[in-house]
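# Coordinate inspection notes
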Number of protein chains: 2
Amino acid sequence: MPPAATAPAPRGPTPKTPRPTIRDIAARAGVSKSLVSLALGGAPRVAPGTRQAILDAAEELGYRRNAAAQALGAHRTRTIGVFVLDLHNPITADLLQAVQAEARRRDYRTIVVVGDEDAAAERAELEKLLEFRVEGIIALGHRLPDGAREAFTADCPAVVIGSQQEGVPHLVSMSNDDVAGASLAVDHLVALGHERIAHIDGGSSAVARDRRRGYRAAMRRHGLAEHITVVKGSFTDEGGYRGASQVLAGSDPPTALFVVNDLAALGVLAAVADRGLAVPGDVSVIGYDGTRMAGLRALGLTTVAQPLDELGTRAAALLCGRLEGEPPGSPVTRLTPTLVVRRTTAPPASRHPGGPGPGRGRGVTTSGGTARLKA
Amino acid sequence: MPPAATAPAPRGPTPKTPRPTIRDIAARAGVSKSLVSLALGGAPRVAPGTRQAILDAAEELGYRRNAAAQALGAHRTRTIGVFVLDLHNPITADLLQAVQAEARRRDYRTIVVVGDEDAAAERAELEKLLEFRVEGIIALGHRLPDGAREAFTADCPAVVIGSQQEGVPHLVSMSNDDVAGASLAVDHLVALGHERIAHIDGGSSAVARDRRRGYRAAMRRHGLAEHITVVKGSFTDEGGYRGASQVLAGSDPPTALFVVNDLAALGVLAAVADRGLAVPGDVSVIGYDGTRMAGLRALGLTTVAQPLDELGTRAAALLCGRLEGEPPGSPVTRLTPTLVVRRTTAPPASRHPGGPGPGRGRGVTTSGGTARLKA
DNA sequence: CTGAAAGCGCTTACAG
DNA sequence: CTGAAAGCGCTTACAG
């Protein structure tokens, strides 16, 4: 019976009406609690008629399973926890969506928890996941020091998406190949005719380090070692703005900028505009991540795209597989990024007037509106 | 004792080592389970020495409370569920951060769950929250029909942030005043000298409806009823692009566009550029929401800012208050939005050459770089 | 200040 | 195919 809508509003945390339990269902269906549990759980050997009666009774009572009781009784939760480090980073939404979809497909629940600037809060959130006894954790970034990482993964398997992590037991990583991605960016710029290509970097994280390395290696490979210029930046709009302002103010400024991520690239775009320069006429700009934002028509940012959907899906698949007892497999998986050429890259202004057009090498995708080159 | 790191990797969902329970702590500290529970829960009348011994034992054992058992024993979870409808909408991150911070301050846990395009998935996620027996729900948007909404809120109090909801018991809403916000936008444009101001709308949602109403009312108030033009759009980049393309292609196109949200405004910016027009030289554009994205230096979008932080904080405060037994109070709270003037609005090109500068009326904030007007 | 006991709502062998 | 019983890890009156 549904609670009377006209009952005086109750106060405090106690539920209005005691919720029905399997005991109530059992009484109504005239069977034992055990059978109710079996039927609700979809166990095979319950007589069809009995099962239906139980299901009907549950329906009529408005029964809703109590996850806590279930977890306690079954000794497992079938839920995986997702830790999100930076909700403002546009890649988070795509990753999370993919993770959730795959987990659902495999019949695991997910609960997400978000960190913020505060490192202590991050640990508290992770701790919360463990108190809920999630069976595994997927981290969309994190900033735990090595020691703490081990403490957590000792209790439940985890996969971190984004950066590679090696040597931590029960921790696997799922990332794109940042070195190769950086190379894609440099190759594209070089194919367009650029030589003075600078990199606005992201600081000390593993991801930033790999993109920086990839940039350096690619420059050397193209015989452009003398033009290697790494400018301090960050993964934010502000960082990109500052980095670009600085490098563009120097003598003999670069004709192209490879930026550590899309968000920072936005800041770079602004810095370029603020100096009265045109993109891509005077300076080409290329970001990293392949966020939706980069593809927004007002931006048209050329970028190195991570296979976000695949990263999320595979991370979840990997974790669920582990939980089902599949063998661990390789601790690190690295997917291949692709280049998405849009409107912020073009041949440098004052050279190769009849030079090579937009480079479209292997793995190159063009999207996001016509590639109108202002030059 | 920590598990030996060299033990053969266990398989399957069963935890490596049985986690310590309060019973283990009791044994180690030489007291009863009850006392352990009391001490861990911070109960006042436990002898200081005993308490310390218990805490030490817990520490040494690497004890971690089991949320499920706690919930079952205490008949409450002290957790509130947050439902997120659209992770891609930039306002979500700000709102979520504020909600979480306030909940933590009041000693409530939060768990978040995200919906996606699929309406069935949305219900499943909400259902999941209820299975976890969250004590309250905060919804960052939703698309449940009225009936379903009641079914959920009958079980636990909820506050939806964003749109106003009236007449649903136990459901309160926390929103910004969209009508007033739309008016702010129109007033600003009118103060700049615009008359042909069109609105790119957001469709059939309550939020879109209120912003549309506010626009119409403000236009009438300024004696510009004849110029009222509402163009079909949506809350996305694409919607804005299409709407703007359409209205700009007409004869006697508007000199200013008030767009339903920041994301759609980006599309509008692109559409304007694609027609070879300049912003704000030929067309002024103003968005809504006050997202970080709008403030990104590469964009500099003028926008009506919702007090996102306050919305999130107050929603959480309201809900927690309810849970602590505070009286319900008003079912709808509407906060006042403010205007943030940046670089996409300016006086119309061909009139008032020496007209009024950027209007800075009441409640106007200027931010995000110098307000360089291209005109 | 402390302990024994009951109970929360489920699941899962174990017997029929 | 079905039921009685034990147990999961906590909390909370209720007695000392």
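The sections below set out a description of the structure shown in this document. (Residues numbered from 1 in each chain as written. Chains lettered and ligands numbered in written order. Predicted model: local features only at pLDDT ≥ 70, side-chain atom pairs only at ≥ 80, totals over all residues. Heavy atoms only, no water.)

### Some details on the protein's contact with DNA strand D
Around DNA strand D, the structure places 25 residues, and the nearest of them are Ser-34 and Thr-50 of chain A together with Ile-22, Ser-37 and Tyr-63 of chain B. Among the atoms of DNA strand D lying within 4 Å of the protein, the sugar-phosphate backbone contributes 64%. Contacts to DNA strand D include Ser-37 of chain B, whose side-chain N or O atom sits 2.3 Å from a phosphate oxygen. One of the side-chain N or O atoms of Gln-70 of chain B is found 3.0 Å from a phosphate oxygen in DNA strand D. Of all elements in the fold, only helix H2 (33-40) and helix H4 (67-74) of chain A together with helix H2 (33-40) and helix H4 (67-74) of chain B reach the threshold of two or more residues within the surface near DNA strand D. Looking at the surface near DNA strand D element by element, the count peaks at five residues for H4 of chain B. A class-by-class count of the residues in the surface near DNA strand D yields eleven nonpolar, eleven polar and three charged. (Near = heavy atom within 4 Å. Polar contact = N/O pair within 3.5 Å; in protein donor to acceptor, adjacent residues only side chain to side chain. Helix = DSSP H or I, 4+ residues; strand = E, 2+ residues; numbered from the N terminus. Nonpolar A, V, L, I, M, F, W, Y, C, P; charged D, E, K, R; others polar.)

### Looking at the relation of the copies chain A and chain B
Superposition record for chain A on chain B: RMSD 0.1 Å, screw rotation 180°, translation along axis 0.0 Å. As the rotation angle and translation indicate, the two copies are arranged about a two-fold axis. Measuring from the rotation axis to each C-alpha of chain A, the shortest distance belongs to Ala-68 of chain A, at 2.1 Å. Looking at the interface residues of chain A, 98% of them are also at the interface in chain B, so both copies use one shared face. (Least-squares fit on C-alpha atoms with pLDDT ≥ 70 in both. Contact = heavy atoms within 4.5 Å.)

### Description of the protein's contact with DNA strand C
Taken together, 25 residues lie near DNA strand C, and Ile-22, Ser-37 and Tyr-63 of chain A together with Ser-34 and Thr-50 of chain B sit nearest. When the atoms of DNA strand C within 4 Å of the protein are sorted by group, sugar and phosphate make up 65%. Here a base nitrogen of DNA strand C sits 3.4 Å away from a polar atom, N or O, in the main chain of Ala-69 of chain A. At 3.0 Å from a phosphate oxygen of DNA strand C is found a side-chain nitrogen or oxygen belonging to Gln-70 of chain A. The greatest single-element share of the surface near DNA strand C, amounting to five residues, is contributed by H4 of chain A.

### Considering the interface of chain A and chain B
Counting residues at the interface gives 64 residues for chain A, matched by 64 residues for chain B. Where chain A abuts chain B, roughly 6100 Å² becomes buried across the two surfaces, and 55% of that area is made up of carbon and sulfur atoms. Together, Arg-64, His-88 and Arg-297 of chain A form the three largest contributors to the area buried by chain A at its contact with chain B, with a combined 13%. One can count eight salt bridges joining chain A with chain B. (Buried area = accessible area lost by both parts, 1.4 Å probe. Salt bridge = Lys/Arg side-chain N within 4 Å of Asp/Glu carboxyl O.)

### Describing the pairing of strand S2 (residues 109-114) of chain A
Residues and elements named next belong to chain A. With six of six residues buried, S2 is to be regarded as a mostly interior element. Alternating residues of S2 divide into Arg-109, Ile-111 and Val-113 and Thr-110, Val-112 and Val-114, and every residue in both groups is buried. In the sheet, strand S1 (residues 79-84) pairs with S2 via six bridges, with the strands oriented parallel. Residue pairing for S2: Phe-83 is matched across the bridge by Val-113. A crossover links S1 with its parallel partner S2, the connecting element being helix H5 (residues 91-105), and its sense is right-handed. (Buried < 20%, exposed > 50% of the residue type's maximum accessible area, 1.4 Å probe, protein only. Pairing = 2+ DSSP bridges. Right-handed = clockwise from strand over helix to strand, strands pointing away.)

### Regarding the pairing of strand S10 (residues 302-305) of chain B
Residues and elements named next belong to chain B. Burial along S10 is two-sided: Thr-302 and Val-304 facing one way and Thr-303 and Ala-305 facing the other are all buried. Here strand S9 (residues 284-289) pairs with S10 via four bridges, running parallel. Its bridge partner lying in S10, Gly-287 is registered against Thr-303. Relative to strand S12 (residues 338-341), S10 runs antiparallel, the two sharing three bridges.

### A short note on helix H10 (residues 237-249) of chain B
With 13 residues, H10 of chain B extends 18 Å from end C-alpha to end C-alpha; this agrees with the ideal 18 Å at 1.5 Å per step. Within H10 of chain B, burial applies to Asp-237, Gly-239, Gly-240, Tyr-241, Gly-243, Ala-244, Val-247 and Leu-248 of chain B. (Expected span 1.5 Å × (residues − 1).)

### Some details on empty space enclosed by the protein
Throughout the structure, instances matching the rule amount to four cavities of 30 Å³ or more. Space inside the largest cavity adds up to approximately 180 Å³. Around the largest cavity, the lining comprises 16 residues; the ones closest to its centre are Ala-67, Ala-68 and Phe-132 of chain A together with Ala-68 and Phe-132 of chain B. Sorting the residues of the lining of the largest cavity by element identifies H4 of chain A together with H4 of chain B as the ones contributing at least two each. With four residues, H4 of chain A is the largest single contributor of residues to the lining of the largest cavity. Each residue belonging to the lining of the largest cavity can be placed in one class, and the counts come to eight nonpolar, five polar and three charged. (1 Å grid on protein atoms, 1.4 Å probe; cavity = no way out; pocket = protein on both sides within 12 Å on 5 of 7 lines; lining within 4 Å. Points joined across faces, edges and corners; volume = space filled by probe spheres on them.)

### A short note on unusual backbone geometry
Cis rather than trans, the peptide bond between Val-279 of chain A and Pro-280 of chain A has omega equal to 0°. Mapped onto the fold, Pro-280 of chain A is located in the loop between helix H11 (262-274) and strand S9 (284-289). Phi at Asp-107 of chain B takes a positive value of approximately 70°, unusual for a residue other than glycine. On the secondary structure map, Asp-107 of chain B appears in the loop between helix H5 (91-105) and strand S2 (109-114). The exposure class assigned to Asp-107 of chain B is exposed, which follows from its relative accessible area of 55%.

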